[in-house]
Amino acid sequence: MTTAVKRRTPTLTAGAVLVGLVVLVALVSFIWTPHDPTRVDAAVRLLGPTGDFLFGTDKFGRDLVSQIMVGARTTLYVGVVAVGVAALIGTPLGILAAMSPRWLGEFIMRVNDLVLAFPALLLAIMFGAVFGASTWTAMVAIGIATVPSFARIARSGTMQVMSTEYVLAARAAGRSRLVIARRHVLPNIAGLLIVQSSVSFAIAVLAEAALSFLGFGTRPPTPSWGRMLQESQELLAVQPRLAIVPGIAIAVAVLGFNLLGDGLRDRLDPRLAGRR
Amino acid sequence: MTVLAVRGLSVSVGDTELVKDVSLEIGAGERVGLIGESGSGKSLTASAVMGLLPEELDVSGSVELDGRQLLGMPERELSRLRGRAMSMVFQEPMTALNPSMQVGKQVAEVMRLHRTNQDPRAAAVDLLDRVRLPDPRRAAKAYPHQLSGGQRQRVMLAMALANNPSLLICDEPTTALDVTVQAQILDLILANTQGSALLFITHDLAVVATVCERVLVMYDGQIVESGLVLDVFTAPQHRYTQQLLASSDLESTDENGRLKTVSHD
Amino acid sequence: MILALMRRTGIFVVSVAAASVAVFLFMAVLPGDPAQVALGINATPELVARTRAEFGTDRPLATQYFDWIGGVLTGDFGRSYVTRDLIGPQLADRLGVTLWLVGAAMVIALLIAVPLGSFAAVRHRKLSGTVISGVSQLGVAVPAFLAGILLVQVFAVQWRLLPSGGWTPPDQDFGEFLRGLILPALALGLVQGAVLTRYVRSAVLDTLREDYLRTARAKGLRPGQALVRHGLRNAAVPVVTVLGLQLTTLLIGAVVVERVFVLPGLGSMLLDSVAARDLLTVQGIVLVLVIAALLVNFLVDLLYTAIDPRLRRS
């Protein structure tokens, strides 16, 4: 039976559009925002949506649109660093675990499981307790907590590649492990890693929002979606808008990265299409 | 007496016809072989008879079992016939058995479901004995992974025979097994289907020669040739059947008139 | 079987030991002296030294560790540097609240995910299945605390059906306890339910393609019966894995939800202790949370063997 070569991938498109939207908003915020997102002005406190303030203002008179735009920057920044840390540590560890002697591989995976017992939020709170909470402690904590997912994916992917004919041939020809890892393993597991990055990015966005909400993430005055939610809480009964706007922003970013990950997975492995 | 009567059966997905205008009849106690290469539509035909085709496939034509029309029959009624009036043995006994259920329970379930036996548990042990599973009482408590391939297929057979179906469909039941085990399973099928109609699907001509009286040859979704095994195998009419025979291990008939086979390697 | 059990138990014990060392060392490298922090900057050097001796932080690290972990093994987590109260009893109290919350959330998540996920799998080609997949995808994108905020807004503020927060112990007034538990458990459970629905769907979808489900149909089971009697148990293996990981997420997710609903659980105790720089308490809570996560993984391993007979050999 023949399968159509060009398959429709609405998931991938939707994910790319949502992620693209967040990236675009963050980029635009570097050159233009409607107002200064940090400018406090008692005269315009808690305004509803108007022509000047599209989503209105918060209890300090700060413009919501501008805060969301700059907040997108924070979100992406945290995601990129956290996923970067996780990929840079986790991938080599996973490949090493798959290619090294059994006992070493087992040991690496045991340590990996141990790290899994420290979720991102807990690590970030510990880091905050020790070093004082900041965007940095949040990013690094989320990154370290994400290492195990990358190590696992990299390990299982590497094991698959290592058992293929061409790698067995390369090994028989006496190629060093490092050469095999670089030339055969990495290109073949790159797809898996990209999918994992997208999914981890979504988790990182959620974690950053939760941390900022708890006061363990981005410090004021830098705008952050999570902190906007936290500040909205006391005024929820009268101004639900203050919670809904950043809430939607978080949901759009998370949904975007999740859909992008799913879409990429389907694209890379057609057998899995339609699942998850 | 005709047990199964299929007339003008077609199976299609979208505009593509996978099974085209297939007709066949099997009487009580008759054993009919359905041969053809993979993808020729044999298994689809069997699934269509059982009413177990994937939802996205369209079926047309007529399938009658003991005079009752099965196509278009509500699922609720059809499910009362499956496992009771008609049953099926599949190719891969490892994957066809539930890995997390003791085999005795899996055999008992088919009797419990149709309320055909007062004591399904004991009856299951008897059935496992009938298909010559060693130590059936213990075997009933085993999980599929603890049995050998041949033993699993015996369990499948016990399950299919449990309610004395009038129609038994075997879909390549020996393909996944060792040659020595194949012969034992075939003997079992022969010994236990005396009164039933048997539709035996395979691509192995030697197996057809051992088991069946009549044979249908399927090619590209159509039945291209049919008749007594002896006639078809000695004087094949269709080009495909001729090729099939030429490439097979069949040599000639033995002194009893049954086709002789050379051993597989 | 017994050997495998002993091996798993061994791994669990070693992991707990390693985790406790990690937690201890992490807190020990902390810049700043707990005695100094507790007394404030105006304390005399003599007083600081005396307090240090009282806390035991003037001893070698190894001694401090074994003293601490020895106490923990008997339920003694030491005395808080700030309030000078025993940490253990309070920890037990707070853990109880968190376990109620996490347990209720888990039940809600399962009640949502198993039927919806299975339904979405069976109907994956139909509109209803696609809609469920879409909604669960959306649910995953909502942070638990946002769900909490919205639930409070609707059920507590506007409709005044349920309390917006606070905690009544179950032995004091069970009705009130339940009323207080509903919203936080929903906030946590709805989101986890969405995550779980996706996994249940994909696990059931895999199972539906299995040959033994076709066998079950051939026996005369109707599609739903076949799935329930033969499919779900086998689909449970991958779902249980995720469930284990999720319990860890739930435990820590409870921190955030406890803050939203002002619940006196382990999470709010952790945040309060961090704010008060009450480090021995932080250390104790972190250890409890990490052991809980490891314990869950250990139990999940055992559960596999119960579900899947194929894993029982060797």
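What counts, and where the lines are drawn
- Here, residues in each chain are numbered from 1, in the same order as that chain's written sequence.
- Numbering of ligands from 1 and lettering of chains from A proceed in the order in which they are written.
- Where totals are concerned, whole chains, interfaces and linings use all residues; where local detail is concerned, this predicted model gives features only for residues with pLDDT of at least 70, and gives and counts side-chain atom pairs only at 80 or more.
- To obtain the side-chain values, all non-hydrogen atoms of the structure were included, while hydrogens and water were left out.
- Numbering of helices and strands runs from the N terminus, with a helix taken as a DSSP run of H or I at least four residues long and a strand as a DSSP run of E at least two residues long.
- Partly exposed residues are those whose accessible area sits between 20% and 50% of the maximum for their type, while under 20% is buried and over 50% is exposed, using a 1.4 Å probe and protein chains only.
- In what follows, a contact means two residues having at least one pair of non-hydrogen atoms within 4.5 Å.
- Every accessible area reported is derived by Shrake-Rupley at a probe size of 1.4 Å, with residue values counting cover from the shown protein chains alone.
- When two parts are put together, the accessible area they lose, computed with a 1.4 Å probe and summed over both, is reported as buried area.
- For salt bridges, the criterion is a side-chain nitrogen of Lys or Arg within 4 Å of an Asp or Glu carboxyl oxygen.
- Definition of a polar contact: a pair of N or O atoms within 3.5 Å, with one able to donate and the other able to accept a hydrogen when the atoms are protein atoms, and with sequence-neighbouring residues admitted only if both atoms are side-chain atoms.
- Angular values range over 0 to 180 degrees, each being the angle between N-to-C directions of two axes fitted as lines to C-alpha atoms, with helices fitted over their stretch in contact.
- For classification purposes, an angle smaller than 35 degrees is called roughly parallel, one larger than 145 roughly antiparallel, one from 65 to 115 roughly perpendicular, and anything else oblique.
- In a left-handed crossing the near helix is turned counterclockwise from the far helix by less than a right angle, and in a right-handed crossing that turn is clockwise.
- Each residue gets one of three labels, nonpolar for Ala, Val, Leu, Ile, Met, Phe, Trp, Tyr, Cys and Pro, charged for Asp, Glu, Lys and Arg, and polar for the others, Gly among them.
- A pair of strands is considered paired only if DSSP assigns at least 2 bridges between the two.
- With its strands directed away from the observer, a crossover is right-handed exactly when the path from the first strand over the helix to the second travels clockwise.
- Every patch collects residues that have over 30% relative accessible area and no salt bridge, joining them within 9 Å if they carry like charges and within 5 Å if they are nonpolar side chains (Val, Leu, Ile, Met, Phe, Trp, Tyr).
- Here the expected span of a helix is defined as 1.5 Å times the quantity of residues minus one.
- Pairing of aromatic rings covers Phe, Tyr and Trp, the last through its six-membered ring, and needs centres within 6.5 Å; plane angles under 30 degrees mean stacked, over 60 mean edge-to-face, and all others mean tilted.
- The directions considered for the arc run from the helix axis to the C-beta atoms.
- The split of the chain into domains comes from an automatic or database domain assignment.

**What about the overall build of chain A?**
Here is step 1: Helix and strand content of chain A: 9 helices and 0 strands.
Here is step 2: The order of helices and strands in chain A, counted from the N terminus, is α-α-α-α-α-α-α-α-α.
Here is step 3: Within chain A, buried positions represent 53% of all 276 residues.
Here is step 4: Within chain A, residue pairs in contact and separated by at least 24 positions form 70% of the contacts whose partners lie at least 6 positions apart.
Here is step 5: Carbon and sulfur atoms make up 67% of the accessible area of chain A, which amounts to about 12,800 Å² in all.

**Regarding the interface of chain A and chain C**
The figure often quoted for interface size is the accessible area lost as the parts come together.
Here is step 1: Chain A puts 38 residues into the contact, and the matching count from chain C is 44 residues.
Here is step 2: Across the chain A/chain C interface, buried area totals approximately 3,800 Å², and carbon plus sulfur atoms make up 77% of it.
Here is step 3: If you look at where chain A meets chain C, you find 1 salt bridge.
Here is step 4: Across the salt bridge formed by Asp262 of chain A and Arg198 of chain C, the nearest N and O atoms sit 3.4 Å from each other.
Here is step 5: At the surface where chain A touches chain C, the tally comes to 3 residue pairs in polar contact (both at pLDDT 80 or more).
Here is step 6: Those elements that place two or more of their residues in the side of chain A that touches chain C are α3 (102-116), α4 (120-131), α7 (177-214) and α9 (241-268) of chain A.

**Brief notes about the arrangement of the chains**
Here is step 1: Between all 2 pairs of chains that are in contact, chains A and C come out with the most contacts.
Here is step 2: Separating chain A from chain B is a minimum C-alpha gap of 10 Å, and the two share no contact.

**Here's the deal with the packing of α7 of chain A against helix α10 (residues 223-261) of chain C**
Here is step 1: In contact at an axis separation of 10 Å, α7 of chain A and α10 of chain C are set at 40° when each is read in the N-to-C sense. The pairing of α7 of chain A with α10 of chain C is recorded here as oblique in orientation. Relative to α10 of chain C, α7 of chain A is oriented so that their crossing is left-handed. Contacts from Ala210, Phe213 and Leu214 of chain A of α7 of chain A reach α10 of chain C at Val255, Val256, Arg259 and Val260 of chain C.
Here is step 2: Split by residue class, the contact of α7 of chain A with α10 of chain C holds 6 nonpolar, no polar and 1 charged.

**Here we look at the pairing of strand β7 (residues 167-171) of chain B**
Residues and elements named next belong to chain B.
Here is step 1: With 5 of 5 residues buried, β7 lies mostly within the body of the structure.
Here is step 2: Side chains Leu167, Ile169 and Asp171 of β7 all project onto a buried face; the interleaved residues Leu168 and Cys170 project onto the opposite face, where all are buried too.
Here is step 3: Direction of pairing for strand β6 (residues 86-89) relative to β7: parallel, over a ladder of 4 bridges. By the bridge assignment, Val89 is partnered in β7 with Cys170.
Here is step 4: Considered for its hand, the β-α-β crossover made up of β7, helix α8 (residues 179-192) and strand β8 (residues 197-202) is right-handed.

**Here we look at a nonpolar patch on the surface**
Here is step 1: On the surface, Val23, Leu27, Phe30, Ile31 and Trp32 of chain A cluster together to form a nonpolar patch covering roughly 590 Å² of accessible area.
Here is step 2: By the element assignment, Val23 of chain A lies in helix α1 (residues 10-31).

**So, the side chain of Gln137 of chain C**
Here is step 1: The topology assignment puts Gln137 of chain C in helix α6 (residues 127-140).
Here is step 2: Only 3.2 Å separates the side chain of Gln137 of chain C from the side chain of Asp262 of chain A, close enough to count as a polar contact.
Here is step 3: Here Gln137 of chain C is in contact with Leu255, Asn258, Leu259 and Asp262 of chain A together with Arg198 of chain C, once residues within four sequence places are set aside.

**What to know about helix α1 (residues 2-28) of chain C**
Here is step 1: Along its 27 residues, α1 of chain C runs 39 Å from first to last C-alpha, staying within 8% of the 39 Å computed at 1.5 Å per residue.
Here is step 2: Within α1 of chain C, burial applies to Phe12, Ser15, Val16, Ala19, Ser20, Val23, Phe24, Phe26 and Met27 of chain C.

**What to know about the environment of Val195 of chain C**
Residue and element names in this part refer to chain C.
Here is step 1: For Val195, the location among the structural elements is in helix α8 (residues 174-208).
Here is step 2: For the pair formed by Val195 and Leu127, sequence separation is 68 residues and the distance between their alpha carbons is 20 Å.
Here is step 3: In contact with Val195, not counting residues within four places along its chain, are Val140 and Gln246.

**Points about unusual backbone geometry**
Here is step 1: Of note, the phi angle at Asp66 of chain B is positive, near 50°, even though the residue is not glycine.
Here is step 2: By the element assignment, Asp66 of chain B lies in the loop between β4 (58-65) and β5 (68-69).
Here is step 3: For Arg277 of chain C, which is not a glycine, the phi torsion comes out positive at approximately 55°.
Here is step 4: Relative to the elements of secondary structure, Arg277 of chain C occurs in the loop between α11 (266-275) and α12 (279-307).

**Structural notes on the interface of chain C and chain B**
Here is step 1: Listed by partner, the interface residues are 22 residues for chain C and 28 residues for chain B.
Here is step 2: Overall, the association of chain C and chain B removes approximately 2,400 Å² of surface from exposure, summing both partners, and the carbon and sulfur fraction of that is 54%.
Here is step 3: Taken as a group, Ala218, Lys219 and Arg222 of chain C account for 25% of the area that chain C buries against chain B, more than any other trio of residues on that side.
Here is step 4: Where chain C meets chain B, there are 3 salt bridges.
Here is step 5: We note a salt bridge from Glu75 of chain B to Arg217 of chain C, for which the minimum N-O separation is 3.1 Å.

**Section: the packing of aromatic side chains**
Here is step 1: Summed over the entire model, instances satisfying the criterion amount to 15 aromatic pairs over all chains.
Here is step 2: Look at Phe213 of chain A and Phe145 of chain C: their rings are 4.4 Å apart centre to centre, the planes differ by 25°, and that puts the pair in the stacked class. One end of the pair, Phe213 of chain A, is in helix α7; the other, Phe145 of chain C, is in helix α7 (residues 144-158), on a second chain.
Here is step 3: Members of the aromatic cluster, each reached through a chain of ring pairs, are Phe24, Tyr65, Phe66 and Trp68 of chain C.

**With respect to the packing of α4 of chain A against α11 of chain C**
Here is step 1: The contact between α4 of chain A and α11 of chain C brings their axes to 10 Å, and the two run at 20°. With respect to each other, α4 of chain A and α11 of chain C are oriented roughly parallel. The element α4 of chain A and its partner α11 of chain C pack so that their crossing is left-handed. Across the interface between the two elements, Leu122, Ile125 and Ala129 of chain A of α4 of chain A pack against Leu270, Leu271 and Val274 of chain C of α11 of chain C.
Here is step 2: Per-class residue counts for the contact of α4 of chain A with α11 of chain C are 6 nonpolar, no polar and no charged.

**What about helix α11 (residues 239-246) of chain B?**
All names here are of chain B.
Here is step 1: Those residues of α11 that fall on the buried side of the exposure criterion are Tyr240, Thr241, Leu244 and Leu245. Taken down its axis, α11 places every buried residue within 135° of arc, on the same side. In this structure, α11 carries Arg239 and Ala246 as exposed residues pointing more than 90 degrees from its buried face.

**Re the domain arrangement of chain B**
All names here are of chain B.
Here is step 1: In terms of domains, chain B is made up of domain 1 (27-57 + 76-85 + 167-265) and domain 2 (94-164).
Here is step 2: Look at where the C-alpha atoms of domain 1 and domain 2 centre, and you get two points 24 Å apart.
Here is step 3: Note on domain 1 versus domain 2: buried area summed over both sides is about 1,300 Å², and carbon and sulfur give 63% of it.
Here is step 4: Here domain 1 and domain 2 share 0 salt bridges between them.
Here is step 5: Seen at the junction of domain 1 and domain 2, the total is 6 residue pairs in polar contact (both at pLDDT 80 or more).
Here is step 6: Residues belonging to the side of domain 1 that touches domain 2 are distributed by class as follows: 7 nonpolar, 5 polar and 3 charged.

**Digging into the sheet that holds β7 of chain B**
All names here are of chain B.
Here is step 1: One open sheet accounts for 6 strands, arranged β6-β7-β8-β3-β9-β10; its pairing is mixed. In this open sheet, the two edge strands, each paired with only one partner strand, are β6 and β10 (222-228). Pairs of neighbouring strands in the sheet enclose a mean axial angle of 15°, with direction left out of account.
Here is step 2: α11 rests against β3 (31-35), β9 (214-219) and β10 of the sheet, and its axis sits at about 105° to β9.

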